[in-house]
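Single-letter residue listing:
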Amino acid sequence: MSKLHKLQCGFRDALLGDDTKLIDTHIRGDGLPLEYRLGIYRNNVFTNLREALRALFPVIEILVGKEFFDYTADAYIRLYPSPAGDLNQFGEHLAEFLADFEPASGLPYLADMAQLEWLAHKVYYAAEHNELAIDQLAALSPEHYGELHFNLNPASALFNSAYPIHRIWQVNQPGYAGEPVVDLNTGGVKLLIERRAGLIELQALDVGEWALLKSLAADDVFAVACDKALHAEASFDLGNTLMRLVIQATLVGFRIC
């Protein structure tokens, strides 16, 4: 490790914790205590990262309140410092962190909400896509349909929760005017998260459609994905489901290999 890298690591550790031994001799006092000088930088770092998390996880803040959110954010920042200068990449591990964060144990769905908000963030900033080439698909011989690999829209994600996480998300959106109560006993949900016309939409999936999309996302051939969907739901309507997935641009490409 170079001297500069060692100094930089020491400065990082001092900002995120209380260990200043690696940088004590490198900071000029000029009449001000070391901790006071570090405090200026520490406050800026934590404020910026806290606000980045606040922007990414607005529903989490609504659910726990500003004071608890800030307390949680500070604990997260110390354990998972920003990996890059781009703060859009900061927050990936919040769901993992909340799952083991004892002060938040009274809200068992909080980790799932963090994961949902992170996926929504990733979907929102995902690449644009081309529409599925229907004419090329129609030109294929039916005997090759089972060999197809379909590409899911990059501005989409699949998420499964043991809680009615979509309802919790919905009632905590700006401008929501419906019934605010969520019954956790209604059970879990399988979701397709998509960006449409610049907005994030959540679509609850039945077990057949979930099995189909999970299989396609795993790059299974179409025949295998269909078998999994029908095994999960014997009455699964493949034709109508496939048409809807194409129309709403959930499927945006295909190949045979």
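Above: the structure in question.
These numbers come from a predicted model, not from an experiment. (Residues numbered from 1 in each chain as written. Predicted model: local features only at pLDDT ≥ 70, side-chain atom pairs only at ≥ 80, totals over all residues. Heavy atoms only, no water.)

### Section: the packing of aromatic side chains
Filter applied, for reference: Pairs were defined over the aromatic rings of Phe, Tyr and Trp, the Trp ring being its six-membered one, requiring ring centres within 6.5 Å. Orientation was assigned from the angle between planes: stacked under 30 degrees, edge-to-face over 60, tilted for the rest. Helix numbering and strand numbering both begin at the N terminus, where a helix is a DSSP run of H or I of at least 4 residues and a strand a DSSP run of E of at least 2. Burial status follows relative accessibility: with a 1.4 Å probe on protein chains alone, a residue under 20% of its type maximum counts as buried, one over 50% as exposed, and anything between as partly exposed.
A full pass over the atoms with the stated rule returns eleven aromatic pairs. Judged by centre distance (6.0 Å) and plane angle (50 degrees), the rings of Phe68 and Tyr71 are tilted. Pair noted here: Phe68 and Tyr71 are both in helix H4 (residues 66-79), with a separation of three residues, about one helical turn. For Tyr71, a relative accessible area of 49% puts it in the partly exposed group. Three or more aromatic residues joined by ring pairs form one cluster here, namely Phe68, Tyr71, Tyr76, Tyr80, Phe90, Phe97 and Phe101.

### Description of the pattern of salt bridges
Here is the rule we go by: The working definition used for a salt bridge is a side-chain nitrogen of Lys or Arg within 4 Å of a carboxyl oxygen of Asp or Glu.
Under the defined criterion, the tally for this structure stands at eleven salt bridges. With a shortest N-O distance of 2.9 Å, Asp74 and Arg50 are connected by a salt bridge. Of this pair, Asp74 sits in helix H4 while Arg50 sits in helix H2 (residues 34-56); the two residues are 24 residues apart in sequence, bridging distant segments of the chain. Given the relative accessible area of 19%, Asp74 is considered buried. Note that Arg54 is salt-bridged to Glu51, the shortest N-O span being 2.9 Å. With Arg54 and Glu51 both in helix H2 and three residues apart, the pair spans about one turn of that helix. Judged by relative accessible area, which is 14%, Arg54 ranks as buried. The network of salt bridges with shared partners includes Glu51, Arg54, Glu61, Lys66 and Asp70.

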